[in-house]
Amino acid sequence: MDAQSKNCQNCKTDFTIESEDFNFYEKIKVPSPTWCPECRLVRRLLSANERVLYKRKCDLTGRDIFSMYPESTPFPVYETEAWYSDKWDPYQYGMEYDFSRSFFDQFLELSKKVPKMSLVKQGFSTNSEYTHRVHNLKNSYMVFRASESRDSLYIYIADDISDCVDCFNISKCELCYECIDSNKCYNTKFSRDSNECRDSYFLYACRNCSNCVGCVNLINQEYFIFNQRYTKEEYFEKLKELKLNTISGVERMEREFSEFIKKYPQKASVSLKSENVSGNWFLNCKNVSQSFECRNVKDGKYLFSIFDAQDCMDYYQWGNGSELIYESPNVGINSSRISFSTQCWSGAHDLYYCDSCPSSSYSFGCIGLKKGEYSILNKKYSKDEYEALVPKIIQHMKDMPYADERGNEYRFGEFFPESFSFFAYNETAAIDFFPLTKEEVIKKGYIWKDRERKEYRTTIQSSSLPQTIVEIDDSILNEVIECGEKDSQYSVGAFRITENELSFYRKMDLPIPRVCFDVRHTRRLQKRPPLRTLKRNCSKCETKVETVYDENFSPILYCEKCYQQEVY
């Protein structure tokens, strides 16, 4: 089928469906989308509370727990271990399909009854209570969306890391601090888009460098400061002068380095060992377009934060051996043929419109099944009954759509309506990657939830903290520190230093931060370009390229060929 132009049902802008997209839709037997790619991504992000935790009671055990859901949710919430247990039966909530009502109406009714797990955790988790959407963690605290994290704190998006603090989207790193979009780094601090670097500070787009500070686009280098070579002795003398173990030295370097970066060419797309890709941040990928943060992915489109997957479209977060996933967030671990579903993993396959159904198969519109099969709205059927009923439901969804308050119609082929999310916009991943103010959120028709401000009795202001870690003794563990941006919409107002955190700062000779984790997290994300591509010309050869970097972010932009000639 030839490419088609459509008008987005949600934002009313035009978008194009390419001929190869139709081939994928035909393969998985779904209709083409009616929402543009960005609106579809935001809709998926709105279903995922990533970092906001609430204290509440488990509705099964009565124990105090942490949960992504507050007490006000209409359904029961069970602590993760209890949810996986055989102490409750998801089939007890089963509903007979009613052809006089829309499918989405019936699914919403079911979703308000079936118990949900408090936090998403797979594998083994040791001494890692304050974590969510994780797999195999040990001694980790405030770590979110991560696999194989050890002795790490304040991390969002990571894989196979050890002794890391305050990082975003890192893999196979150790002893890293304030690093973003980096891979295989060791003892590296305040760095971005760098790979296989060691013992360095403030790097950008560097590879296999060691003992470097404030450098951009360097490869296989050592003893450089601001892209200038020094002898080993000169380097360490200059490093002392920079005073990067003081808060004033770090802040000064942060300002200088942000301007220094703009003097050097930015590659149109950050990719390593990848071919035929568009979007940004690729590692070992092939034939992946309009996507972001992908590792070891083949044949995909409209992907975000996916690793070890193939033949997928409109997919957010995870992968890990999965294929043929469409319009689904938080699906992974050897799963396949899953559409319009969320939180399904561990060999799940052939699911439509399912929520939290690990190791389940051949199910439609189900919630909370564990190893379930041939089920519709949590009612079990025989194989023949299931296969006869599903086509009728699909046709019914086409004939009787659900309409939301804005007039958007949801037929078979659309992900769950945004209004079905039990989270406010600023509780979800949407606020991280498509940041809006409270006024903008409300104007767009989303829900905003004001942060619950606790009346912290702060004992010390962050501005009063000593310049270096050596000036701080263990009494800091008893202090409640006022956040340096306590009036920000992102701040919780105050924070404390944990024992593991203090040990890390001492080991790394780093000053204590002056703002709370939420503000630090937001600052990291603000250093990245938005998840939108635009057209620009290469600053050297004038070739038109697709990039996420506008002229303000990167005044000098090179195509792949010119960048290779300049840097390598």
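All of the points below concern the structure found in this document. (Residues numbered from 1 in each chain as written. Predicted model: local features only at pLDDT ≥ 70, side-chain atom pairs only at ≥ 80, totals over all residues. Heavy atoms only, no water.)

**What to know about the sheet that holds strand 15 (residues 210-216)**
Across the sheet, which stays open at both edges, the five strands sit in the order 13-14-15-16-17 with mixed pairing between neighbours. At either end of the open sheet lies a strand with only one pairing partner, and these are strand 13 (186-189) and strand 17 (228-229). Sheet analysis places strand 14 (residues 198-204) next to strand 15, joined by four bridges and oriented parallel. The partner of arginine 198 across the bridge, within strand 15, is serine 210. Against the sheet, helix 5 (residues 232-242) makes contact with strand 14, strand 15 and strand 16 (222-225), and its axis sits at roughly 45° relative to strand 16, the strand it touches most. (Pairing = 2+ DSSP bridges. Helix = DSSP H or I, 4+ residues; strand = E, 2+ residues; numbered from the N terminus. Contact = heavy atoms within 4.5 Å. Axes fitted to C-alpha atoms, helices over the stretch in contact; angles between N-to-C directions.)

**Considering the sheet that holds strand 10 (residues 153-162)**
Ordered by their spatial adjacency, six strands build an open sheet running 7-8-9-10-11-12, and the pairing between neighbours is parallel. In this open sheet, the two strands that pair with only one neighbour each are strand 7 (121-126) and strand 12 (180-183). On average, each strand axis in the sheet is tilted by 40° relative to the strand beside it, whichever way the strands run. Summarising the sheet, strand 11 (residues 165-171) and strand 12 pair through three bridges and their orientation is parallel. When the sheet's bridge partners are listed, serine 171 is paired in strand 12 with asparagine 183.

**Describing the pairing of strand 21 (residues 286-332)**
With 34 of its 47 residues buried, strand 21 lies for the most part within the structure. Two strands pair when backbone bridges link them, and strand 21 and strand 22 (residues 336-339) are joined in this way by three bridges, in the parallel orientation. Paired with isoleucine 325 across the bridge in strand 22 is isoleucine 338. Alignment of strand 21 against strand 23 (residues 344-345), held across two bridges, turns out to be parallel. Bridge pairing links glycine 332 to tryptophan 345 in strand 23. (Buried < 20%, exposed > 50% of the residue type's maximum accessible area, 1.4 Å probe, protein only.)

**Details of helix 6 (residues 247-261)**
For helix 6, built from 15 residues, the straight-helix expectation of 21 Å at 1.5 Å per residue is met to within 8% by its first-to-last C-alpha distance of 21 Å. Buried within helix 6 are the following residues: Ile247, Gly249, Val250, Met253, Phe257, Phe260 and Ile261. All buried residues of helix 6 fall inside an arc of 145° around its axis, so they share one side. In this structure, the buried residues of helix 6 make contact with strand 14, strand 15 and helix 5. (Expected span 1.5 Å × (residues − 1). Arc of directions from axis to C-beta.)

**Some remarks on the packing of aromatic side chains**
A ring pair, where both rings are aromatic, is described by two values, the distance of the centres and the angle of the planes. Applying the stated criterion across every chain, the model contains 60 aromatic pairs. With a centroid separation of 6.3 Å and 25° between ring planes, the pair formed by tyrosine 156 and phenylalanine 433 is classed as stacked. Residue tyrosine 156 is found in strand 10, and its partner phenylalanine 433 is found in helix 8 (residues 430-433); the two are separated by 277 residues along the sequence. Accessibility classification places tyrosine 156 together with phenylalanine 433 in one group, the buried group. A ring pair is formed by phenylalanine 226 and phenylalanine 260, whose centres lie 5.0 Å apart and whose planes are at 70°; its orientation type is edge-to-face. Taken together, the residues span a long stretch of sequence, with phenylalanine 226 in the loop between strand 16 and strand 17 and phenylalanine 260 in helix 6 at a distance of 34 residues. The class for phenylalanine 260 is buried, based on a relative accessible area of 11%. Its guanidinium or amino end placed over the ring of tyrosine 201, lysine 189 lies 4.4 Å from that ring's centre, counting from NZ or CZ. (Phe/Tyr/Trp six-rings, centres within 6.5 Å; stacked < 30°, edge-to-face > 60°. Lys NZ or Arg CZ within 6 Å of the ring centre and 35° of its normal.)

**Here we look at the side chain of lysine 189**
As for its placement among the helices and strands, lysine 189 is situated in strand 13. One buried charge, lysine 189, has no salt-bridge partner; the nearest side chain with opposite charge is aspartate 199, at 6.6 Å. In this view, lysine 189 contacts Tyr177, Glu178, Cys179, Ser200, Tyr201, Phe202, Met508 and Leu510; residues no more than four positions away in its chain are not counted. (Lys, Arg positive; Asp, Glu negative; His and termini not counted. Salt bridge = Lys/Arg side-chain N within 4 Å of Asp/Glu carboxyl O.)

**Remarks on the environment of serine 194**
By the secondary structure assignment, serine 194 is in the loop between strand 13 and strand 14. Residue serine 194 is classed as buried on the basis of its relative accessible area of 0%. The spatial distance from the C-alpha of serine 194 to the C-alpha of arginine 207 is 5.7 Å, given a sequence separation of 13 residues. Reaching out from serine 194, the side chain makes a polar contact with the backbone oxygen of arginine 192 at a distance of 2.9 Å. (Polar contact = N/O pair within 3.5 Å; in protein donor to acceptor, adjacent residues only side chain to side chain.)

**Observations regarding unusual backbone geometry**
Even without a glycine there, the phi angle at alanine 205 is positive, about 55°. In this structure, alanine 205 sits in the loop between strand 14 and strand 15. Of note in this structure, asparagine 276 is not a glycine but carries a positive phi near 55°. Counting through the fold element by element, asparagine 276 comes out in strand 20 (residues 275-283). Judged by relative accessible area, which is 57%, asparagine 276 ranks as exposed.

**Points about the side chain of serine 360**
Position of serine 360 among the secondary structure elements: in the loop between strand 24 (349-352) and strand 25 (361-364). Non-local contacts of serine 360, meaning those with residues more than four positions away in its chain, are made with Gly347, Ala348, His349, Leu351, Leu369, Lys370, Lys371 and Gly372.

**Thoughts on the pattern of salt bridges**
Summed over all chains, the structure comprises 42 salt bridges. The salt bridge partner of lysine 301 is aspartate 21, with a shortest N-O separation of 3.1 Å. Here lysine 301, found in strand 21, pairs with aspartate 21, found in helix 1 (residues 19-28); they are 280 residues apart in sequence, far enough to count as distant. According to the relative accessible area criterion, lysine 301 is buried, its value standing at 9%. Using a relative accessible area of 2% as the deciding quantity, one classes aspartate 21 as buried. Across the pair aspartate 474 and arginine 506 runs a salt bridge whose closest N-O atoms are separated by 2.9 Å. A residue pair is termed long-range when its members are at least 10 positions apart, and aspartate 474 in the loop between strand 30 (460-461) and strand 31 (481-482) and arginine 506 in helix 10 (residues 499-508) qualify at 32 residues. A relative accessible area of 45% means that aspartate 474 is categorised as partly exposed. For arginine 506, a relative accessible area of 38% puts it in the partly exposed group. One network of salt bridges, with partners in common, ties together Arg40, Arg43, Arg44, Asp314, Glu327 and Glu414.

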